[in-house]
Amino acid sequence: MTGFASRAARAAFIAGLPKAELHLHIEGSLEPEMMFALAKRNGISLAFDSVDAIRAAYDFAKLQDFLDIYYQGMAVLLTEQDFFDLTSAYLNRAAADGVRHVEIFFDPQGHTARGVPMANVVGGIARALAEAQERGITSRLIMCFLRHLSEAAAETTLDEALPYLSLIHGVGLDSSEVGHPPAKFARVFARARSLGLKIVAHAGEEGPPDYVWQALDVLQVDRIDHGNRALEDDALVQRIVSDGLTLTVCPLSNLKLCVVNDLAGHPLRRMLQAGLKATVNSDDPAYFGGYVNANFVAVADALDLTRDEIIMLARNSFIGSFLPLAEQAAHLGAIDSFAATY
Ligand code: ADE
Ligand code: ZN
């Protein structure tokens, strides 16, 4: 165990380390208990009759198995207050994990398709983010397009978001990856870029390295979400390293969705050794068994991550964020101060 007396000591170090979370779908933080409470509040009936029955259904062989249940779960979210409560609950958990900055995804098409106004979605999330700012957690909001839908649907969603652009910092691409390459969305991402929005995309989670190339060359991403399969292509790894792009890696998600067979085979260390700016994130913590610290601890135990590797992952989380450089530097200083006391 390099740098720590025990696994418990490493977990305590991780818990106290200042960190940013850059890959978190707010709808994926909907815990079964809140799903039940919101279903009751909104008079919606669920397909499950208990919290235990919901958790028992979280057994996935691939991304699509999860997505089917994820879109079903988010149907309890209707009002501005629902989105506020959801986001506040996540921010409380993140704060307890030492998270100082969050960049949160949301899936508007999962709501507007059910008749929920964009105002309820963005309004509730943004109100919770503003309240967290008062408690010292900074944030950015990233609107994702569902890639199993058409580019025209994404264009409509971008139109609907125009009144809220002061609250939205970037756009992303998520949902069913295979069969829906980034290039399908070339025009809508070009428009988003021309509006000054940051660009991210899920790529190389289940999809091939070619989808990561498209994210770089066609969408011109500022960051790659997941990116695991980039490691299959040396030239692609070199390109990501030379562009200095961050990967938002999600270990427990990869395990639950069978992207890796076990965490001992997780590519996180190989990514760092290749010079990639990897970070650790929770993706959909209510579905995958843990928030950001649980992800850090699980992968650190499985790979026997060293103190320096853990510090590097935390540093990368701020360096890869969309915070201004001066704020990044302040967080890096806080990491140094914390590490110096340990
Ligand atoms: N939407 C929510 N979580 C996702 C994931 N891990 N991959 C693709 N789409 C998602
Ligand atoms: Zn994701």
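Structure's up top.
Bear in mind the structure is a predicted one, so any value in this text is a computation, not a measurement. (Residues numbered from 1 in each chain as written. Chains lettered and ligands numbered in written order. Predicted model: local features only at pLDDT ≥ 70, side-chain atom pairs only at ≥ 80, totals over all residues. Heavy atoms only, no water.)

### Focus: the side chain of His331
Consideration 1: If you trace the backbone, His331 turns up in helix H17 (residues 325–340).
Consideration 2: For His331, a relative accessible area of 14% gives the class buried.
Consideration 3: Among all residues touching His331, those that are not within four sequence positions of it are Arg100, Phe318 and Leu323. (Helix = DSSP H or I, 4+ residues; strand = E, 2+ residues; numbered from the N terminus. Buried < 20%, exposed > 50% of the residue type's maximum accessible area, 1.4 Å probe, protein only. Contact = heavy atoms within 4.5 Å.)

### A look at the nonpolar core
Consideration 1: Phe106, Ile240 and Tyr287 are the most contacted members of the largest nonpolar core, which totals 99 residues.
Consideration 2: Ranked by the residues each element gives to this core, the list is headed by helix H7 (residues 118–134), at seven residues.
Consideration 3: Not counting residues within four places of it along the chain, the set of residues in contact with Phe106 comprises Ile26, Glu27, Met118, Val121, Val122, Ile125, Leu141, Ile142, Met143, Cys144 and Ile168. (Core = buried A, V, L, I, M, F, W, Y, C linked by side-chain atoms within 4.5 Å.)

### Some words on the coordination of the zinc ion (ligand 2)
Consideration 1: Distances from the zinc ion (ligand 2) to its protein donors, His23 (NE2), His25 (NE2), His202 (NE2) and Asp283 (OD), fall within 2.0 to 2.3 Å.
Consideration 2: Geometry at the zinc ion (ligand 2) is irregular, judged from its four donor atoms and the angles of 85 to 174° they form at the metal. (Donors = N, O, S within 2.8 Å, 3.2 Å for Na, K, Ca; no water. Tetrahedral: all angles 85-135°; square planar, octahedral: opposite > 155°, others 65-115°.)

### With respect to the packing of aromatic side chains
To describe a pair of aromatic rings, one takes the distance between the centres and the angle between the planes.
Consideration 1: For the coordinates displayed, the defined rule picks out 14 aromatic pairs.
Consideration 2: Between the aromatic rings of Phe13 and Phe338, the centroid separation amounts to 5.3 Å while the plane-to-plane angle is 40°, which identifies the pairing as tilted. Of this pair, Phe13 sits in helix H1 (residues 7–16) while Phe338 sits in helix H17; the two residues are 325 residues apart in sequence, bridging distant segments of the chain. Here Phe13 and Phe338 have matching classes, each one buried.
Consideration 3: On the numbers, 5.6 Å between centres and 85° between planes, the contact of Phe145 with Phe189 is edge-to-face. With a gap of 44 residues between them, Phe145 in strand S3 (residues 138–146) and Phe189 in helix H9 (residues 186–194) connect regions that are remote in the sequence. (Phe/Tyr/Trp six-rings, centres within 6.5 Å; stacked < 30°, edge-to-face > 60°.)

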